[in-house]
Amino acid sequence: MNEPAVVTKGAGAAATPAASASPASDRADLRPENIQDAVIRLAGNSQDGIQTAGAFLARLAGRSDHDVMTYMTIPATISGGPSIFQVRIGSGEVLSAGDEADFLVAFYQHSYQDHLDFLREGGVLLYDSDNVEPNLDDKRFVYVGVPITGLTVEALGGTAKDKGKNIFVLGLIAKIFNLDADKLKKLITEKFAGKDQSIVNTALMAFQAGYAYPVGNVLTKHYRFEHFPKTSGRAQITMDGNQALTYGLIAAGVRYGAGYPITPWSSIMETLRRELPKYGGIFVQAEDELGAVSLALGFSYSGYLAVTGSAGPGISLKAEAIGWASMAEIPLIVCNIQRGGPSTGLPTNVEQSDLHQAIFGSHGDSPRVVLAAASVEDCFYIAIEAARIARKYSTPVFILSDTSLATRIEAFDEPDLSKLMVDPKPDLTPREGGFKPYDLERITQHIPPGTRILDGKYPLIGGLEHDEMGHPTGSPKLHMAMTAKRRNKLRKLAEEIPVPEVFGDQEGDTLLVGWGSTYGPIHDAVKMGREHGEKIGAIHLRHVHPLPNGLEKIFANFKRIVTVEMNDQGLYGFGQLATILRARYCEPKIQSVTKTDGLTFRVKEILQGVFPGKFVSVRGYSPNRPVSGNGEQDVDVARAESIAQGVG
């Protein structure tokens, strides 16, 4: 068997050949055996299957009653390229994927060079000594060299080459962190179920080889996550945001839909195509985006609330038909899984730059509801809320998610489906005489064709302006009245939306305001800020349009309001949500911290942007990325994830 190239080395420790390993007392390891939280980053190429290995770790955490959150970068090129998968496992609440890695696995020299600065001082660098030559004079870290490639080939045979080294590393990590090997083997078997048995056997062999590696030769001790039993009494499930959104739609009674493939929406479409027939429904892959939204509108017209979706470029193509839905007052769910833009932009990176498009991206005054999921768990529940609103107010409802939510994995309590599942059957109850589909005096709902109307006066539905029975009209007074009717539905909705709770200080100097996937980093930033004496709180908006009534009362309790957004500060220095809030409340104390690097917010970035000059060397947060002013990044400071995208 190949021997380890290098054993551990930390601050003040010398590199020691494995064959003459020094006593355990001479080898530095700065963490206790029992740990509550760890950030593990796998860095290699997308072809190495590091996303698969990381996903196994995340799903194991979920099945072991640990909290978990992941973060990944995916190359935008078909040929693949540098990629990472980061998983944070904790015994308590995990709100963000972690600013720094405690444990970095580097498969190649570029993995080591690009990501070493993300390893915390005193952290463990596990590297493939067949491909990586680290600078052992840098005494900030603990170095563990293992010939991963050679050992994988040795375990699987020469014909396998190094295709199983991701699973070999999974076994190695399982041994180091005392993870449940039997559960991991079961996950591996489930993952490859339906494939040739030789594939399953090869994966299990690679895992066992890694798990059997004598890590005692290179580490002084193993680590073990402390276990705190969940108090909810419900089992945990583990999935990514797109999966959660998909199953939320099904629970909400959505049985029909149509779409067109585009990253990162496509996996929702693929899952709906597979799952909806099980519930008597169907999902159609259309020839283009306009065809997709039109098909979805046809399903909704029939009385079955339908869904369509895309990313920003595809939403633009759907805009005309969504305007028709507003005019005809047809319920429809539109999912926008945001990515970097404009145009094809950064197809595998994250941004929150479609907020204005969702609210205002229309011809004419075309009101629509806009919701934004805050977490993977919330992706499930936001779908149920969207369906409720779409049915009640007969209006298009946008669900905003993003690449971060779409691809990251979290564990959360299994929903109580017995209380949540919605009967999707159309309401064909006969309507009394005098029924008006567009009554100016009340909130009206679309009625499915075939519904009996007792006086025999059946309405029309179309995209032209109309009177109360749907008949086309060019009357200036009616157009004004109908425009107000469509707008006032959203005003009525605003009255029932709950005001978000304030996290942290209920009054003070700074209130952070977020929406979408920034929820976790913002809340962690509030915790860190309060620990360092700041009077800071936060609110998170799930209902972005219309806004809930009463926000101004919360704003009055703070000296300044700072939105945290992954979009550009624009011509006038404010992010997209900040622009809306300033217009709504005419409040000059509303500011923003923004960024457009295509990466999720780190807690440190938020603190530096909100409090310039502070939080430069806080334990647990790397100072290698200064942020100044209104979120403008120093141009010469580039993060390694940017390199990993394979995008110019």
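Residues numbered from 1 in each chain as written. Predicted model: local features only at pLDDT ≥ 70, side-chain atom pairs only at ≥ 80, totals over all residues. Heavy atoms only, no water.

So, on to the state of the cysteines. In this structure the tally under the stated criterion is 0 disulfides. The thiol of Cys335 is not disulfide-bonded; the next cysteine sulfur, from Cys379, is found 9.4 Å away. (Disulfide = S-S within 2.5 Å.)

Attention shifts here to the nonpolar core. Core analysis: the largest hydrophobic core is formed by 56 residues, its most contacted members being Phe103, Val146, Ile173, Phe177, Leu179 and Leu184. Counting 43 residues, the second-largest nonpolar core is a separate cluster that includes Leu249, Leu305, Val376 and Ile497. (Core = buried A, V, L, I, M, F, W, Y, C linked by side-chain atoms within 4.5 Å. Buried < 20%, exposed > 50% of the residue type's maximum accessible area, 1.4 Å probe, protein only.)

Backbone torsion omega between Thr263 and Pro264 reads 0 degrees, so that peptide bond is classified as cis. Along the chain, Pro264 falls in the loop between β10 (256-259) and α8 (266-275). Each neighbour pair has its own omega, and for His545 with Pro546 the value is 0 degrees, a cis peptide bond. Tracing the sequence through the fold places Pro546 in the loop between β20 (543-545) and α17 (551-555). Of note in the backbone geometry, Asp65 takes a positive phi value of approximately 65 degrees without being a glycine. (Helix = DSSP H or I, 4+ residues; strand = E, 2+ residues; numbered from the N terminus.)

Further remarks concern the sheet that holds strand β18 (residues 508-515). Backbone-to-backbone hydrogen bonds pair the strands of a sheet. The strands run either parallel or antiparallel. In spatial order, the strands read β17-β19-β18-β21-β22; together these 5 strands make up an open sheet with mixed pairing. Each edge of the open sheet is held by one strand with a lone partner, namely β17 (503-504) and β22 (590-594). Pairing of β18 with strand β21 (residues 558-565), which is carried by 5 bridges, proceeds in the parallel orientation. Its bridge partner being in β21, Thr510 is matched across the sheet by Arg560. (Pairing = 2+ DSSP bridges.)

So, about empty space enclosed by the protein. Inspection of the entire model under this criterion finds 6 cavities of 30 Å³ or more. Computed from the structure, the largest cavity encloses a volume of approximately 200 Å³. Contributing to the lining of the largest cavity are 21 residues, with Tyr71, Ala97, Gly98, Thr600 and Phe601 lying nearest its centre. With 3 residues, strand β3 (residues 67-73) is the single largest residue contributor to the lining of the largest cavity. For the lining of the largest cavity, a count of residues per class yields 7 nonpolar, 8 polar and 6 charged. There is about 110 Å³ of room inside the second largest cavity. In terms of lining residues, the second largest cavity is bounded by 16 residues, among which Tyr71, Met72, Thr348, Val350 and Thr403 are the most central. Sorting the residues of the lining of the second largest cavity by element identifies β3 and α13 (403-407) as the ones contributing at least two each. (1 Å grid on protein atoms, 1.4 Å probe; cavity = no way out; pocket = protein on both sides within 12 Å on 5 of 7 lines; lining within 4 Å. Points joined across faces, edges and corners; volume = space filled by probe spheres on them. Nonpolar A, V, L, I, M, F, W, Y, C, P; charged D, E, K, R; others polar.)

Right, let's talk about the packing of helix α1 (residues 50-63) against helix α5 (residues 181-191) for a bit. Close contact between α1 and α5 brings their axes to 10 Å; oriented N to C, the two are set at 125 degrees. Between α1 and α5, the angle is such that the two are oblique. Between α1 and α5 lies a crossing whose hand is right-handed. Across the interface between the two elements, Thr52, Phe56, Arg59, Leu60 and Arg63 from α1 touch Lys183, Leu184, Lys186, Leu187, Ile188, Glu190 and Lys191 from α5. (Axes fitted to C-alpha atoms, helices over the stretch in contact; angles between N-to-C directions. Parallel < 35°, antiparallel > 145°, perpendicular 65-115°, else oblique. Left-handed = near helix turned anticlockwise from the far one by under 90°. Contact = heavy atoms within 4.5 Å.)

Take the pattern of salt bridges next. Counted according to the given criterion, the structure contains 28 salt bridges. A salt bridge links Lys485 to Glu329; the nearest nitrogen and oxygen atoms lie 3.8 Å apart. Taken together, the positions of Lys485 in helix α15 (residues 476-496) and Glu329 in the loop between α10 (312-328) and β13 (332-338) put the pair 156 residues apart, joining distant regions of the chain. According to the relative accessible area criterion, Lys485 is buried, its value standing at 6%. The partner of Asp416 in a salt bridge is Lys419, with the nearest N and O atoms 3.8 Å apart. A network of salt bridges, in which partner residues are shared, links Glu385, Arg388, Lys392 and Glu496. (Salt bridge = Lys/Arg side-chain N within 4 Å of Asp/Glu carboxyl O.)

Attention now goes to the layout of surface pockets. Empty space among the atoms can be located by rolling a probe the size of a water molecule over them. Considered as a void within the structure, the largest pocket measures approximately 1,000 Å³ in volume. In terms of lining, the largest pocket is formed by 33 residues, of which the most central are Arg59, Lys191, Asp240, Gln243 and Ser267. Of all the elements in the fold, those that place two or more residues in the lining of the largest pocket are α1, α5, β9 (236-240), α7 (241-251), α8 and α13. Looking at the second largest pocket, its volume works out to about 710 Å³. Elements that contribute at least two residues to the lining of the second largest pocket include exactly β3, α12 (376-393), β16 (409-413), α16 (519-531) and β19 (536-541). Per-class residue counts for the lining of the second largest pocket are 16 nonpolar, 6 polar and 10 charged.

This next bit is on α12. Between its terminal C-alpha atoms α12 stretches 26 Å, which fits the 26 Å expected from 18 residues at 1.5 Å a residue. The element α12 is extensively covered by neighbouring structure, given that 13 of its 18 residues are classed as buried. Backbone geometry just after α12 places Ser394 at a positive phi near 45 degrees. (Expected span 1.5 Å × (residues − 1).)

It is worth spelling out the environment of Thr344 at this point. In this fold, Thr344 is placed in the loop between β13 and α11 (355-360). Separated by 32 residues in sequence, Thr344 and Gly312 place their C-alpha atoms 8.8 Å apart.

The predicted model of the protein has a mean per-residue pLDDT of 88, with 89% of residues at 70 or higher. Counting contacts from residues 1-32, a segment whose pLDDT is below 50, to residues more than four positions away or on other chains yields 81 contacts. Counted against residues more than four places away or in other chains, residues 617-648, with its pLDDT under 50, gives 84 contacts. (pLDDT = per-residue confidence, 0-100.)

Before going further, it helps to examine the sheet that holds β10. Reading across from one edge, β11-β10-β12-β13-β15-β14-β20 is the order of the 7 strands in this open sheet, with mixed pairing throughout. Either end of the sheet is taken by a strand with one partner, and the two such strands are β11 (282-285) and β20. Along the sheet, successive strands turn relative to each other by an average axial angle of 25 degrees, direction set aside. Bridge analysis of β10 against β11 gives 4 bridges, and the strand direction is parallel. Across the sheet, the residue bridging to Ala258 is Val284, located in β11. Sitting on the sheet, α7 touches β12 (306-310), β13 and β15 (396-402), and the angle it makes with β13 is about 175 degrees.

Glancing now at the environment of His532. Relative to the elements of secondary structure, His532 occurs in the loop between α16 and β19. In the structure, His532 is positioned 83 residues away from Phe615 in sequence and 8.9 Å away in space, judged by C-alpha atoms.

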